[in-house]
Amino acid sequence: QVQLVESGGGLVQPGGSLRLSCAASGRIFSIYVMGWYRQAPGKQRELVARITSGGNTYYADSVQGRFAISRDNAKNSVYLQMNSLKPEDTAVYYCNIHPPENRWWGQGTQVTVSS
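Residues numbered from 1 in each chain as written. Predicted model: local features only at pLDDT ≥ 70, side-chain atom pairs only at ≥ 80, totals over all residues. Heavy atoms only, no water.

The omega torsion across His98 and Pro99 is -5 degrees, close enough to zero to call that bond cis. Along the chain, Pro99 falls in the loop between β9 (91-97) and β10 (109-113). Phi is positive for Asn76, close to 50 degrees, though the residue is something other than glycine. In the Ramachandran plot, Ser84 falls in the positive-phi region, its phi being about 50 degrees despite a non-glycine side chain. Its location among the elements puts Ser84 in the loop between β8 (77-82) and β9. (Helix = DSSP H or I, 4+ residues; strand = E, 2+ residues; numbered from the N terminus.)

Below, the structure written as structure tokens:
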């Protein structure tokens, strides 16, 4: 049984920053490619960033240069540092492996960017 618990979301003004955290349990975390995904109201869930076990990263064009994904295998955790936030970044953010395992979606954490 795998549990993924996201935290760190909140309300922030445009241009602000947030750091999301994801704590994983139940499996050998370090072998997986981990991803951050988001789902805005009325839209499909999309991949925001992913990171391999060795630390190689990929970012969606919409967040390139503003977001940074990292992981701490010793803590079974993955993080998303979000800077220069825009209203269009408003969404529920989730972590999962990449490609995602549908059984492992957590509750997500809400990020709202608004003045």
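The next subject is the sheet that holds β8. In a beta sheet, neighbouring strands pair by backbone hydrogen bonds and run either parallel or antiparallel. The strand order β1-β3-β8-β7 describes an open sheet built from four strands, whose pairing is antiparallel. The outermost strands of the open sheet, each flanked by one partner alone, are β1 (3-7) and β7 (67-72). The sheet shows a mean angle of 15 degrees between the axes of neighbouring strands, taken without regard to direction. In this structure, β1 lies alongside strand β3 (residues 18-25), joined through five bridges in antiparallel fashion. Bridging across to β3, Glu6 finds its partner in Cys22. (Pairing = 2+ DSSP bridges. Axes fitted to C-alpha atoms, helices over the stretch in contact; angles between N-to-C directions.)

Further remarks concern the pattern of salt bridges. With the rule as written, the count across this model stands at four salt bridges. Arg38 is the partner of Glu46 in a salt bridge, and the nearest nitrogen-oxygen pair spans 2.8 Å. We note a salt bridge from Asp89 to Arg38, for which the minimum N-O separation is 2.9 Å. Of this pair, Asp89 sits in the loop between β8 and β9 while Arg38 sits in strand β4 (residues 34-39), and the two are 51 residues apart along the sequence. Pair check on accessibility: Asp89 and Arg38 agree, each one buried. (Salt bridge = Lys/Arg side-chain N within 4 Å of Asp/Glu carboxyl O. Buried < 20%, exposed > 50% of the residue type's maximum accessible area, 1.4 Å probe, protein only.)

What follows concerns the pairing of β8. Among the six residues that make up β8, five are buried, leaving the element largely enclosed by the rest of the structure. Note that β7 and β8 share six bridges and pair antiparallel. Across the sheet, residue Ile69 finds its bridge partner in β8, namely Leu80. Between the end of β7 and the start of β8, which pair antiparallel, lie four residues, with Asn76 showing a positive phi angle near 50 degrees.

These figures come from the coordinates and say nothing about function on their own.
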